[in-house]
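In case you want the letters, here they are:
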Amino acid sequence: MAKKKKISSSDTATILNITQWAIPTLILFVYVLVTLYSFTADMKSDAKYSVRQKVSDYNDMLIISFNAKMDIARSTASSAAEVAARELMSGQDMDTVMEDVVAPTVDNALSIGATLVDETGKGVSATGTEAEVSSKSALEKCLHDNTVVTSEPYDQGGSWYVDIYAPVMDTSGNVGHCLVYTFIADVFSDIPTTSKFDGKTCYALFANDGTVVSLAGRKILTRGENIFESDSIKIASATENRTKSNFSNRNAGYTDCTIDGEARIMVYDPAAYSGLTVASVVTQSYINNEIHSTYGNMESILVRIVVAMAAFIVAILAIHIANKAVNTKHDQTLQEKAETDLLTGLLNKISTEQKVTDYLAEAKTKGQSAILFLIDIDNFKKVNDTMGHAFGDELLAGLGLGLSTLFRATDIVGRIGGDEFLVLMRNISPDEETKKREADKLLTFFRDFKVGEYVQYRCTASIGGAVFSQDGGDFDELYKAADNAMYESKRHGKNRVAYYGEVLEGPVIELGRH
């Protein structure tokens, strides 16, 4: 009788290793298979969201065009109002001001007409005829708040219009007149005549109560019709109240609806002015076709994923070895990202404080000196309010780039607040000549700094300086000293550098401490 071959210890180890991989792999395959089947519905839901987002992105393109035109009109109205004010104060009558100043600006404002009115709402148009405002509430807000106001859309002769009211001020800041530009409420003048999607899409501009203001594409709605009150339009009951609230509160969203018996989905997004909402009303069949063309058959995807998983498991060992080499570098990259302010590229608040604290502890043992500057941008809130947060971000990014190149590579430069920066000049002599030189360097930087492609903006800063270890023996003490100095800089008119303990000359402005 033949003897059975004895299994060696190495064979046993190999079998154990294979078993250790085979059992978890089998479990993983079963788990993945069950999980993918259970998440099929979620994948379809995500597909619907992706298609809705595609429609919403097109809405955003229309809104950007509309908002840009409104911005041009508001800017033109504001500029024309300033010129009109000067002419009226010089003794010119309203007819002359309209003919010489306002009428030439109508086309530049993308407007169809302009009117100069007094506090009663009556006045003269750019064509020289008597005119009256359409919205007393917008007029009153413009006169009372002394600001440019965009009216709610209104119907006149079957067309919908929006007015822009610009205050006309005298030298004392009093508002006695108002310049009103009128233009047709339409966001669809730039889109192709054919539908963007399936040839059956309806584009609509709604007032905040659901009234149809403007239309393009498939004409399945009617101007002046209210979608929440129309018999031909049925908003899904589950989303009707939410849709009304979104229109009123200027929120984006979508809702299922039926128009003349056809199932559709309305995707809507708010415009920036006049409480208007832009919507694309697409067919349900378009949504379904897009889902299928984008994601295909879910079961087919499932098979491909399972096959890919098999190849993935085979490659796991090689990837694991390669990852050991990659992970070290990756961890270093993550650490750098964790310490960086994404907007400016400088150190963020936490890493700035930590690096300053570590250096001061080292400098104390070595007997080294340092100068800490706190830089607060003057009137930054006004920049955001008047020129927009995007421009404010561009300003901060430009400052970050400039400050990073202004100081030595060994110095610590970080952004520690919305509009506040910190600079620690390491191992530097704190004599008066050095302090003056560095202060002048900062002031020169801000004097030469400008940002903006079309409208260049120059900013100033209130800067406080403190010397280590003369003004503070650790980060908290040094920061407090520099903060007090910065506060004194603000009290003495901003746009200057003050060192802790320095007596500044000039008038003092009382400020609330931040």
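These figures come from a predicted structure and were not determined experimentally.

About the criteria used
- Within each chain, residues carry numbers counting from 1 in the order of the written sequence.
- Confidence filtering applies because this is a predicted model: local features only for residues at pLDDT of at least 70, side-chain atom pairs given and counted only at 80 or more, and all residues used for totals across whole chains, interfaces and linings.
- The basis for every side-chain value is the complete set of non-hydrogen atoms in the structure, without hydrogens or water.
- For two strands to be treated as a pair, DSSP must find no fewer than two bridges joining them.
- Numbering of helices and strands starts at the N terminus; helices are DSSP runs of H or I of at least 4 residues and strands are runs of E of at least 2.
- Lines fitted to C-alpha atoms define the axes, with helix axes restricted to the stretch in contact, and inter-axis angles between N-to-C directions lie between 0 and 180 degrees.
- Reported orientations rely on four angle classes, namely roughly parallel under 35 degrees, roughly antiparallel over 145, roughly perpendicular from 65 to 115, and oblique for the rest.
- Between two residues, a contact is recorded if the distance between any of their heavy atoms is within 4.5 Å.
- Any residue that is not Ala, Val, Leu, Ile, Met, Phe, Trp, Tyr, Cys, Pro, Asp, Glu, Lys or Arg is counted as polar, Gly included; the first ten are nonpolar and the last four charged.
- A pocket, in this scheme, is an open set of points on a 1 Å grid over the protein atoms alone with protein on both sides within 12 Å along at least 5 of 7 lines, while a cavity is a set where a 1.4 Å probe fits but cannot get out; residues line either one if an atom lies within 4 Å of a point.
- Grid points are joined across faces, edges and corners, and a volume is the space filled by probe spheres set on the points.
- For every residue, the accessible area obtained with a 1.4 Å probe (protein chains only) is divided by the maximum for its type, and the residue is called buried under 20%, exposed over 50%, and partly exposed between those limits.
- Any carboxyl oxygen of Asp or Glu within 4 Å of a side-chain nitrogen of Lys or Arg constitutes a salt bridge here.
- One less than the number of residues in a helix, times 1.5 Å, gives the span that helix is expected to have.
- The arc in question is the one traced by the directions running from the helix axis out to the C-beta atoms.
- Within 3.5 Å is the distance limit for a polar contact, defined as a pair of N or O atoms, with the added protein rule that one can donate a hydrogen and the other accept it, and that residues adjacent in sequence qualify only through two side-chain atoms.
- Pairing of aromatic rings covers Phe, Tyr and Trp, the last counted by its six-membered ring, and requires centre-to-centre distances within 6.5 Å; plane angles under 30 degrees mean stacked, over 60 mean edge-to-face, and any other angle means tilted.
- The criterion for a charge sitting over a ring is simple: Lys NZ or Arg CZ within 6 Å of the ring centre, and within 35 degrees of the ring normal.

Draft legend 1. Molecular detail of the sheet that holds strand β13 (residues 277–283). Pairing within the open sheet is antiparallel, and its six strands lie in the order β9-β8-β13-β12-β11-β10. The open sheet terminates on both sides in strands that have one partner only, identified here as β9 (212–217) and β10 (233–235). Each neighbouring strand pair of the sheet contributes to a mean axis angle of 30°, computed without reference to strand direction. Pairing analysis gives three bridges linking β10 to strand β11 (residues 253–259), with the strands arranged antiparallel. Bridging from a neighbouring strand, Lys234 pairs with Thr258 of β11.

Draft legend 2. Layout of the packing of helix α9 (residues 380–387) against helix α10 (residues 389–406). Two elements in contact, α9 and α10, have axes whose closest approach is 6 Å; the angle formed by their N-to-C orientations is 135°. In this view, α9 runs oblique relative to α10, as classed from their interaxial angle. Contacts from Phe380, Val383, Asn384 and Met387 in α9 reach His389, Phe391, Gly392, Leu395 and Leu396 in α10. Split by residue class, the contact of α9 with α10 holds six nonpolar, three polar and no charged.

Draft legend 3. Quick look at the layout of surface pockets. Space inside the largest pocket adds up to approximately 270 Å³. Taken together, Thr386, Met387, Gly388, His389, Ala390, Phe391, Glu394, Gly452, Glu453, Tyr454 and Val455 make up the lining of the largest pocket. Only α9 and α10 provide two or more residues apiece to the lining of the largest pocket. For the lining of the largest pocket, the element with the most residues is α10, which contributes four residues.

Draft legend 4. Representation of the pairing of strand β1 (residues 113–118) in the model. Of all six residues making up β1, five are buried, and the element is well covered by its neighbours. Judged from the six bridges that link them, β1 and strand β7 (residues 175–184) form a sheet pairing that is antiparallel. In the strand pairing of β7, Asp118 is matched with His177. Here three bridges tie β1 to strand β2 (residues 122–125), and the two strands are oriented antiparallel to one another. When the bridges of β2 are listed, Thr115 appears paired with Ser125. Taken together, β1 and the strand that follows it, β2, pair antiparallel across an intervening segment of three residues, in which Gly121 is found at a positive phi of about 90°.

Draft legend 5. Expanded view of the pattern of salt bridges. All chains considered together, the criterion is met by 16 salt bridges. A salt bridge links Lys141 to Asp145; its shortest N-O distance comes to 2.9 Å. With Lys141 and Asp145 both in helix α4 (residues 136–145), this residue pair falls four residues apart, about one helical turn. The class for Asp145 is partly exposed, based on a relative accessible area of 36%. Arg264 is the partner of Glu262 in a salt bridge, and the nearest nitrogen-oxygen pair spans 3.3 Å. Glu262 gets classed as partly exposed once you look at its relative accessible area, which sits at 29%. For Arg264, a relative accessible area of 1% puts it in the buried group. One network of salt bridges, in which partners are shared, links Asp376, Asp378 and Lys490.

Draft legend 6. Highlighting unusual backbone geometry. Looking along the chain, the bond that leaves Phe468 and enters Ser469 is cis, with omega of 5°. Take Ser469: it is sitting in the loop between β17 (461–468) and α12 (475–491). Here Asn379, not a glycine, exhibits a phi torsion of approximately 55°, which is positive. Mapped onto the elements, Asn379 comes out in the loop between β14 (370–377) and α9.

Draft legend 7. Layout of the side chain of Thr239. In this structure, Thr239 sits in helix α5 (residues 237–249). When sequence neighbours within four positions are dropped, the list of residues in contact with Thr239 reads Thr255 and Asp256.

Draft legend 8. Expanded view of helix α8 (residues 349–366). Given a rise of 1.5 Å per residue, 18 residues ought to cover 26 Å, and the 26 Å separating the end C-alpha atoms of α8 matches this to within 8%. Those residues of α8 that fall on the buried side of the exposure criterion are Ser351, Thr352, Val356, Tyr359, Leu360 and Ala363. Angular distribution of buried residues about the axis of α8 spans 160°; they occupy a single face of the element. Those residues of α8 that are exposed and aimed more than 90 degrees away from the buried face are Ile350, Lys364 and Thr365. The opening residue of α8 is Asn348, an N-cap whose side-chain oxygen sits 3.4 Å from the backbone nitrogen of Ile350. Remark: Gly367 follows α8 within two positions and exhibits a positive phi of approximately 70°.

Draft legend 9. Seen up close, the packing of aromatic side chains. Applying the stated criterion across every chain yields a total of ten aromatic pairs. Relative to Tyr203, the ring of Tyr58 lies with its centre 5.8 Å away and its plane at 50°, an arrangement referred to as tilted. Of this pair, Tyr58 sits in helix α2 (residues 40–89) while Tyr203 sits in strand β8 (residues 202–206), and the two are 145 residues apart along the sequence. Pair check on accessibility: Tyr58 and Tyr203 agree, each one buried. The interplanar angle of 80° and the centroid separation of 5.1 Å between the aromatic rings of Phe445 and Phe446 together place this pair among those described as edge-to-face. Here Phe445 and Phe446 have matching classes, each one buried. Taken together, Phe206, Phe228, Phe247 and Tyr268 form an aromatic cluster joined through their ring pairs. Of note, Arg52 hangs over the ring of Tyr254, and the distance from its end group to the ring centre comes to 3.8 Å. Here Lys435 stacks its cationic end above the ring of Tyr499, 4.7 Å away from the centre of that ring.

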